[in-house]
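For reference, the chains in residue letters:
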Amino acid sequence: PQIFPMEVFEEGAEIILSISRLFANVHGARYKIAFCDALTTLVLQVAHRGSVELHHPTWVEVTDSLWPKVQAMCTKPRYWAASLGLGTAVLCASREDAFLQHWWNFLESSSQNIKDRSKRKSLLEAACQLLWSYLFRCKESSNATSKRLDAFLHLWFPSQRRTYDLSDGGVELA
């Protein structure tokens, strides 16, 4: 079922595509972070409500154009927080095959920061959003899903060390 009137969705997707093209060529930390924050807000609106819209050609172009820039920014510590939010939003708003191709590697590479107390809350929010998208939007066999859930739980609750104290603050998943 469609959630947006298609004409309105197409206009919005074209605007976001224009913004993502500007983002691809922006230089300077403040501008990159500002673009990340703005695009995260816009893309999350589609991620939270979208279904068949995620396969619209313009929207596919949006997510495909944003993903390489997000991946490049995630490797740089000063952009990590902004790119984590945008990367999570882009993946959650991607079509199923793109999501399945990238989400686990993105989560694993981001989770290297789990020991940093200041980054833990953001990482947990991103992990929960990705897990929700995986469980409710992706159709894999029960065996594959079970293996992925086991790996997810092992990532967050490894057997060889104590669990992390997540009482740093409330987690907002909406």
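Residues numbered from 1 in each chain as written. Predicted model: local features only at pLDDT ≥ 70, side-chain atom pairs only at ≥ 80, totals over all residues. Heavy atoms only, no water.

**Describing the overall build of the protein**
A tally of helices and strands in the protein yields 7 helices and 0 strands. Written out in order from the N terminus, the α and β elements of the protein read α-α-α-α-α-α-α. Here the protein, with 174 residues, has 44% of them falling under the buried criterion. When contacts within the protein are restricted to residue pairs at least 6 apart in sequence, those whose partners lie at least 24 apart make up 73%. Counting only carbon and sulfur atoms, one obtains 56% of the accessible surface of the protein, whose full area is about 9,700 Å². (Helix = DSSP H or I, 4+ residues; strand = E, 2+ residues; numbered from the N terminus. Buried < 20%, exposed > 50% of the residue type's maximum accessible area, 1.4 Å probe, protein only. Contact = heavy atoms within 4.5 Å. Areas by Shrake-Rupley, 256 points an atom, 1.4 Å probe, with all protein chains shown as cover.)

**Here we look at the environment of Trp 80**
Relative to the helices and strands, Trp 80 resides in helix H4 (residues 80-92). Sequence spacing of Trp 80 and Ile 33 is 47 residues, and the spatial spacing of their C-alpha atoms is 9.6 Å. Other than its neighbours up to four places away in sequence, Trp 80 contacts Met 73, Cys 74, Ser 110, Asn 113, Lys 119 and Leu 123.

**Re the environment of His 55**
If you trace the backbone, His 55 turns up in the loop between helix H2 (29-49) and helix H3 (57-74). Judged by its relative accessible area of 53%, His 55 falls in the exposed class. Distance in space between the C-alpha atoms of His 55 and Glu 96 is 8.9 Å, their sequence separation being 41 residues. What His 55 contacts, discounting residues up to four positions off in sequence, is Val 60, Arg 95 and Glu 96.

**Brief notes about the packing of aromatic side chains**
This structure, assessed with the given rule, holds 7 aromatic pairs. A ring pair is formed by Trp 67 and Phe 106, whose centres lie 5.5 Å apart and whose planes are at 65°; its orientation type is edge-to-face. Of the two residues, Trp 67 sits in helix H3 while Phe 106 sits in helix H5 (residues 96-110), which places them 39 residues apart along the sequence. Across the pair, Phe 106 and Trp 67 agree in class, each one buried. (Phe/Tyr/Trp six-rings, centres within 6.5 Å; stacked < 30°, edge-to-face > 60°.)

**Looking at the layout of surface pockets**
Size it by volume and the largest pocket reaches roughly 260 Å³. Forming the walls of the largest pocket are 16 residues, and the residues nearest its centre are Gln 71, Cys 74, Thr 75, Ser 109 and Ser 110. The biggest single contributor to the lining of the largest pocket is H5, with 6 residues. (1 Å grid on protein atoms, 1.4 Å probe; cavity = no way out; pocket = protein on both sides within 12 Å on 5 of 7 lines; lining within 4 Å. Points joined across faces, edges and corners; volume = space filled by probe spheres on them.)

**Quick notes on a nonpolar patch on the surface**
Together, Trp 132, Leu 135 and Phe 136 give the surface a local cluster of nonpolar side chains, amounting to about 330 Å² of exposed area. For Leu 135, the location among the structural elements is in helix H6 (residues 117-137). Accessibility expressed as a relative area gives 38% for Leu 135, which makes it partly exposed. (Patch = residues over 30% accessible without salt bridge, like charges linked within 9 Å, V, L, I, M, F, W, Y side chains within 5 Å. Salt bridge = Lys/Arg side-chain N within 4 Å of Asp/Glu carboxyl O.)

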